[in-house]
Each structure stands twice: as C-alpha cells, then as structure tokens.
Amino acid sequence: EIAKQNDLDLLTAFYDPPMDYLSACVRGAVIPAQGKTFACADYSAIEARVLMWLVGEKTAVKAFADGIDIYKDLATKIFEVPFDAVTAEQRDLGKRGILGLGYQMGAPKFLSTCETYGGDITQELSEQVVEIYRKTYPKVKQYWWNVDRAAMKCVRTGKSVAFGKVAFGIKGDFLHIALPSGRWLAYYKPRIALTGTPWGEEKDALWFDGPFSPAGYGEQHTYGGKLTENIVQAIARDVLAEAVLRLEKHGDYPVVMHVHDEALAEPDKDKLVKADFEEM
C-alpha cells in the first residue's frame, strides 16, 4: 500500500533502504490472470548433481539416484555419528558443505558464508568440513586443477583441448567452452598473467574481459573452481531450458517466468495436473 502511494519520502520513512523493501515486493506483484493459476517446480540440488556427474563421482551420482540424503551422508563423516543419528543442525552443515564447497571455496570463506546464513561454527570446524568434503569427493578437487590447466593450455597453444564432457577452443578473440548441449561459453580476450594468490604466492592465471556483477565491465581473472562453477551452472541452465521446451510443447503449460532452477507456468485452473507438470 505504501509503494502504491508513489511517495519516496514516505517509503523511506518506513523502510530504509527502500530498494530492499521494493525487491521484496516483486513476488507479490506477480499475479495469475483471471481463470488461470501458477504452477511452479524446481530441481532438487541441481548444481550438486550436475557437478558430481561432470567430474565422474559415480558414488555420489548413484546416491542421488537412489534417493540417499547426501547432506546427511556428509554430516556422518564430519561429526562421526551414524546416519540415523544425524541431527537437523548437523544435516544443515552437511548441506552447506555439499552446496558450497564444490567450487574451490576455502575454510575462511566457508566460515563467513555460514555466519551470513546464521550458522555458528568455529574456524577449526570450518577447516574440518572443507578437508572432509575434498577427501570424500576427490574427483571434484582434481577437476579444479585439471580444468584450469586445460583452459590455459588452450590459450597458450591456440589449439583445441578436449577435457572430459567439455572442450576448449579459440575462435577470434574468444576462448570458448563447448558444453554437452552444443552451446558455448565465451571469454573475451583471454590471456595468461602472473597473479597473486590469497596465500601470498604468484602463479599463472587466466584473465579475460567481461561484465562484473552487479554492474561494470573490465578485466578479471578466473581459476579452476570458478571455471567449474561456470560449466556446472551452464549445464544446469540447459537442463532447465529443455524442461521449459517440454512444458511449452505440451500446450497447457505456457511458461511465463523462470528463475535459476525453477520454471513458472500459467495454465488454466482446470487443466493443471500437478504430477504431470512435475514430471515434465
């Protein structure tokens, strides 16, 4: 109601900064048309699933396929307790480990991330979680180093480099990563330069020009964990894109929006079959 007054001073008097409040209003502003309803579904832990498939962690892929709670499984190793004895709090830390540590995050960053989301853990426990994650999924850790080397080899030589389920190539001013779908990721003006590390060393790193988030453009460097994240999120996007096409092809489920791993359709109220929608 305050937003509808179109009075910034009034809005700021109640909510400061106003943009935080206005962004929270977005969901409430999305309303289905008369006679229609919204149907939405998202993928469960899609990034973690794609990551394990990408790097070849077959045990983890099978655990997902068999419906095993992989968050609890990691928690059993962190806290050295039986699977059925894992508490909700312990599982939550396992979940944060699975969802957060796949892209080369270190212990200090994991600690601050947990604190941001209300998790109270020590530096020692943070280091323990990172170490256990990397020991449990060694192919994830190895992928970071290997993908970094493959990308830099491609830039150095100018020749294509096949790497697992993806491939690197140079075309014009771009380094391309060919995804399993056939789509490409592109990095403008790739080059290699000596770069300082968080632990005080200097080593070769891949640099390129591109957009910053939330705004801006310029040179930036990347590394194995970040390249892994780019590839995983791109594949996950392609999985969602196929789902959107399936829904559109069906005819009764026109997609009006999608956010990350979630598709939102606007069918007639009498045509929604929840099980069919979720299956597609």
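Use the structure listed above.
Residues numbered from 1 in each chain as written. Predicted model: local features only at pLDDT ≥ 70, side-chain atom pairs only at ≥ 80, totals over all residues. Heavy atoms only, no water.

Engineer: Which residues make up unusual backbone geometry, and what values go with them?
Structural biologist: Cis geometry is adopted by the peptide bond preceding Pro 17, which originates at Asp 16 and carries an omega value of 5 degrees. Positive phi, close to 60 degrees, is recorded for Asn 6, a residue that is not glycine. Residue position: Asn 6 is located in the segment before α1 (8–14). Judged by its relative accessible area of 73%, Asn 6 is exposed. In the Ramachandran plot, Glu 80 falls in the positive-phi region, its phi being about 55 degrees despite a non-glycine side chain. Along the chain, Glu 80 turns up in the loop between α6 (70–79) and α7 (88–100). (Helix = DSSP H or I, 4+ residues; strand = E, 2+ residues; numbered from the N terminus. Buried < 20%, exposed > 50% of the residue type's maximum accessible area, 1.4 Å probe, protein only.)

Engineer: Residue-level account of the packing of aromatic side chains, with values.
Structural biologist: Following the criterion strictly, the structure yields seven aromatic pairs and no others. Judged by centre distance (4.2 Å) and plane angle (10 degrees), the rings of Tyr 15 and Tyr 21 are stacked. With a relative accessible area of 36%, Tyr 15 lands in the partly exposed category. Looking at Tyr 21, the relative accessible area reads 18%, which means it is buried. If you follow Lys 165 out to its NZ or CZ, it ends over the ring of Trp 53, 4.8 Å from the centre. (Phe/Tyr/Trp six-rings, centres within 6.5 Å; stacked < 30°, edge-to-face > 60°. Lys NZ or Arg CZ within 6 Å of the ring centre and 35° of its normal.)

Engineer: With reference to specific residues and values, describe the layout of surface pockets.
Structural biologist: Empty space among the atoms becomes apparent when a probe as large as a water molecule is rolled across them. Space inside the largest pocket adds up to approximately 780 Å³. Along the walls of the largest pocket sit 24 residues, with Glu 47, Leu 99, Tyr 103, Glu 229 and Gln 233 positioned nearest its centre. Residue assignment for the lining of the largest pocket shows that the elements contributing at least two residues are α4 (46–55), α7, α8 (107–116) and α11 (224–250). Class assignment for the residues of the lining of the largest pocket results in 13 nonpolar, six polar and five charged. Each pocket or cavity is described by its volume, and for the second largest pocket that value is around 550 Å³. If you go around the second largest pocket, you meet 23 residues; those closest to its centre are Gln 104, Thr 197, Pro 198, Trp 199 and Tyr 223. Listed by contribution, the elements that provide at least two residues to the lining of the second largest pocket are α8, α10 (138–157), β5 (184–196), β6 (202–211) and β7 (217–222). (1 Å grid on protein atoms, 1.4 Å probe; cavity = no way out; pocket = protein on both sides within 12 Å on 5 of 7 lines; lining within 4 Å. Points joined across faces, edges and corners; volume = space filled by probe spheres on them. Nonpolar A, V, L, I, M, F, W, Y, C, P; charged D, E, K, R; others polar.)

Engineer: Please provide a residue-by-residue account of the sheet that holds strand β8 (residues 255–259), values included.
Structural biologist: Overall, antiparallel pairing links the three strands, which are arranged β1-β9-β8 in an open sheet. If you trace the sheet from one side to the other, it starts and ends with β1 (39–42) and β8, each paired once. For this sheet the average axis-to-axis angle between neighbouring strands, irrespective of direction, equals 15 degrees. As defined by bridge partners, β1 adjoins strand β9 (residues 262–265) across four bridges and the pair is classed as antiparallel. Each residue of the ladder has a partner; that of Ala 41, found in β9, is Ala 263. (Pairing = 2+ DSSP bridges. Axes fitted to C-alpha atoms, helices over the stretch in contact; angles between N-to-C directions.)

Engineer: Could you give an account of the packing of α4 against α11, naming the residues involved and the relevant values?
Structural biologist: Packed helices, taken two at a time, are described by their axes: the angle between them and the distance between them. Two numbers describe how α4 lies on α11: the axes approach to 9 Å, and their chain directions differ by 115 degrees. One way to sum up the angle between α4 and α11 is to call them roughly perpendicular. Once α4 is placed against α11, the crossing between them reads as right-handed. Every residue of α11 that contacts α4 at Ile 46, Glu 47, Val 50, Leu 51, Trp 53 and Leu 54 is listed here: Thr 228, Ile 231, Val 232, Gln 233, Ile 235, Ala 236 and Val 239. Looking at side-chain class alone, the contact of α4 with α11 contains 10 nonpolar, two polar and one charged residues. (Parallel < 35°, antiparallel > 145°, perpendicular 65-115°, else oblique. Left-handed = near helix turned anticlockwise from the far one by under 90°. Contact = heavy atoms within 4.5 Å.)

Engineer: Describe helix α5 (residues 58–65), naming the residues involved and giving the relevant values.
Structural biologist: Every buried residue of α5 is accounted for by Ala 60, Ala 63 and Phe 64. Seen end-on, α5 carries its buried residues on one side only, within an arc spanning 100 degrees. Seen from the open side of α5, the exposed residues pointing more than 90 degrees away from its buried face are Lys 58, Thr 59, Lys 62 and Ala 65. Here the buried face of α5 lies against α4 and α6. Backbone geometry just downstream of α5 places Gly 67 in the positive-phi region, at approximately 80 degrees. (Arc of directions from axis to C-beta.)

Read these as layout, nothing more, since geometry by itself doesn't imply function.
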